[in-house]
Amino acid sequence: MSQHARAARPRRARRAIGLTTMGLLVFGVAAAAAVYRELQANVTEVDLQGLVGDESARPQPTEPPPGDARAGTPVNLLIIGSDDRSGENATIGGENDGMASDTTIVAHVSADRSRVELVSIPRDLKTDRPSCTMSDGTTTPARTDRQFNEAFALGWTEGQDIASASGCTWKTVELLTGVRLDGLVLVDFVGLRDMVDAIGGVPICLPTALRDEDTGLDVSAGPQVFDGTTAVQFARARHDIGDGSDTGRITRQHDLMAAMTRSVLSQEVLTSPASLLRFAQAATSSLTASQGFRDLTDLTGFGLSLRNLQAERIVFASMPTVPDPRDTNRRVATPAATELWARIAADLPVGESPPTGTATPLTDPTASPVTDPAAPRVETPWTPPGGVLTSADDSSTSCT
């Protein structure tokens, strides 16, 4: 796999088996949903209707089975991979008193639950930062032309907690993209490591050997299976690999996430209650989530709503950027980024569209994508520069 931006790839038809996942969040959601259904299926129901007297006077259960509380509406989640260097995370990334965001992804789930687009935002992107409110009520001034990942670090420094750091990143993302966010999930080094180990590792095929002194990554070329520690090193490595850019690292992270998805969808994981339970425990113990996405019932219902999602419609993409002319170590957005975020906001597909539908360009990002409520939804094919990766593409795991 090239460490630079990839060309658009042909789609390989492969239907997802049962449940599917999206990025770091839905790895946990899918496993939780699958375990819920597995455990529920283990309980045999006995029908006592009419056998135990008058049941009308008995308390009846009122809580329905897990459902999708957001059914019929698109969902936009902010996924943050934190660069936490405290506690057990220090053994992976090295001890550090500060806190930073290592990875930021906007995960868009379509209203009909047929698509998931995961768009990575480069940490080196130059953008405007709004005024942020800290958990103690203090505020920070708005700033222009700042590095994107400063928002998380500033929130942590000024507010001294995850809420302040995540909240400032949330506001910065909404200002940058124009996309309304519905929730936030944060995963740390240990969580990613344990999720990978819980599924027995992630198959990867590397075209070249990779070595990075900062993270300790040292892997040979060819097919192999990453354990949890190696997967974290691979996701974090940057400076000694390829051109050292954050965009190159994003490409590797997409490869890893796609490979993880393929592993979770494999029969070995889905049909093994023990494997699913280990994975669900690792995933849920690693997640810090905002209200509405932290309860198992909420996660399970949301995960079950994605059970018919096809692997080729889990799309990984990068926000279109180019080197900043003033500083080639930084990135600036291109006009294609505006189109990308407009499509996300309008719940239109990114990457190849489904077989049905007609191609109509999105000329007005603020206009409703469907003008006639009775008309069938029109989904327009559009692929950002650099192409996309889907979970059905096995190029990151196959050497052939």
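Remember, it's a predicted structure, so these values are computed and weren't measured experimentally. (Residues numbered from 1 in each chain as written. Predicted model: local features only at pLDDT ≥ 70, side-chain atom pairs only at ≥ 80, totals over all residues. Heavy atoms only, no water.)

A. Up close: the environment of Arg238. With respect to the helices and strands, Arg238 occurs in the loop between α6 (228-236) and α7 (246-264). Overall, the relative accessible area of 13% leaves Arg238 in the buried class. Taking the C-alpha atoms as reference points, Arg238 and Gly248, separated by 10 residues in sequence, lie 7.5 Å from one another. (Helix = DSSP H or I, 4+ residues; strand = E, 2+ residues; numbered from the N terminus. Buried < 20%, exposed > 50% of the residue type's maximum accessible area, 1.4 Å probe, protein only.)

B. Seen up close, the pairing of strand β16 (residues 327-333). Of the pairings in the sheet, the one linking strand β15 (residues 321-324) to β16 comprises four bridges and is antiparallel in character. Bridge pairing links Asp324 to Asp327 in β16. Between β15 and β16, which follow one another and run antiparallel, lie two residues. (Pairing = 2+ DSSP bridges.)

C. View of the pattern of salt bridges. Per the stated rule, a full pass over the model turns up 11 salt bridges. As a salt-bridge pair, Arg211 and Asp218 come within 2.9 Å of each other at their nearest N and O atoms. A relative accessible area of 52% places Asp218 in the exposed class. Several salt bridges converge on common partners, so that one network encompasses Lys126, Asp145, Asp324 and Arg326. (Salt bridge = Lys/Arg side-chain N within 4 Å of Asp/Glu carboxyl O.)

D. The arrangement of unusual backbone geometry in detail. The backbone phi angle of Asp145 is positive, close to 55 degrees, even though this residue is not glycine. Considering the arrangement of structural elements, one finds Asp145 in strand β7 (residues 143-147).

E. Looking closely at the state of the cysteines. Summed over all chains, the structure comprises one disulfide. For Cys132, the disulfide goes to Cys168, at an S-S distance of 2.1 Å. Between Cys132 and Cys168 the sulfur-sulfur dihedral comes to about 70 degrees; the bridge is accordingly right-handed. Here Cys132, found in strand β5 (residues 132-133), pairs with Cys168, found in helix α4 (residues 162-177); they are 36 residues apart in sequence, far enough to count as distant. Cys168 gets classed as buried once you look at its relative accessible area, which sits at 0%. (Disulfide = S-S within 2.5 Å.)

F. Structural view of the pairing of strand β3 (residues 116-120). Of all five residues in β3, five are buried; the element is thus mostly enclosed. Taking every second residue as pointing to the same face, both faces of β3 are buried, with Val116, Leu118 and Ser120 on one and Glu117 and Val119 on the other. For strand β2 (residues 101-109) and β3, the ladder comprises five bridges, and the chain directions are antiparallel. When the sheet's bridge partners are listed, Val109 is paired in β3 with Val116. Between the antiparallel neighbours β2 and β3 lie six residues, among them Arg113 with a positive phi of about 60 degrees. Pairing analysis gives five bridges linking β3 to strand β14 (residues 314-318), with the strands arranged parallel. Following the sheet pairing, Val119 is matched in β14 by Ala317.

G. Up close: α7. A rise of 1.5 Å per residue sets the reference length of α7, with its 19 residues, at 27 Å; its end C-alpha atoms lie 27 Å apart and thus fit the reference within 8%. Within α7, 18 of the 19 residues are buried, which leaves the element mostly enclosed by the surrounding structure. (Expected span 1.5 Å × (residues − 1).)

H. Broad picture of the environment of Gly178. By secondary structure assignment, the location of Gly178 is in the loop between α4 and β8 (183-187). By relative accessible area, which is 56% here, Gly178 ends up exposed. Taking the C-alpha atoms as reference points, Gly178 and Ala345, separated by 167 residues in sequence, lie 7.2 Å from one another.

I. Examining empty space enclosed by the protein more closely. Taken as a whole, this structure holds three cavities of 30 Å³ or more when the rule is applied. What the second largest cavity holds in volume is close to 70 Å³. Lining the second largest cavity we find 13 residues, and of these Asp102, Thr103, Thr104, Ile121 and Arg123 sit closest to its centre. Elements with a minimum of two residues in the lining of the second largest cavity: β2 and α7. The residue makeup of the lining of the second largest cavity, split by class, is three nonpolar, six polar and four charged. (1 Å grid on protein atoms, 1.4 Å probe; cavity = no way out; pocket = protein on both sides within 12 Å on 5 of 7 lines; lining within 4 Å. Points joined across faces, edges and corners; volume = space filled by probe spheres on them. Nonpolar A, V, L, I, M, F, W, Y, C, P; charged D, E, K, R; others polar.)

J. Representation of the packing of helix α5 (residues 189-198) against α6 within the structure. Where α5 contacts α6, the axes come no closer than 7 Å and their chain directions differ by 130 degrees. As far as their axial angle goes, α6 and α5 are oblique. Pair α5 / α6 crosses with right-handed handedness. Listed contacts from α6 to Phe189, Leu192, Arg193, Val196 and Asp197 of α5 are Gly228, Thr229, Ala231, Val232, Ala235 and Arg236. Within the contact of α5 with α6, the residues separate by chemical class into six nonpolar, two polar and three charged. (Axes fitted to C-alpha atoms, helices over the stretch in contact; angles between N-to-C directions. Parallel < 35°, antiparallel > 145°, perpendicular 65-115°, else oblique. Left-handed = near helix turned anticlockwise from the far one by under 90°. Contact = heavy atoms within 4.5 Å.)

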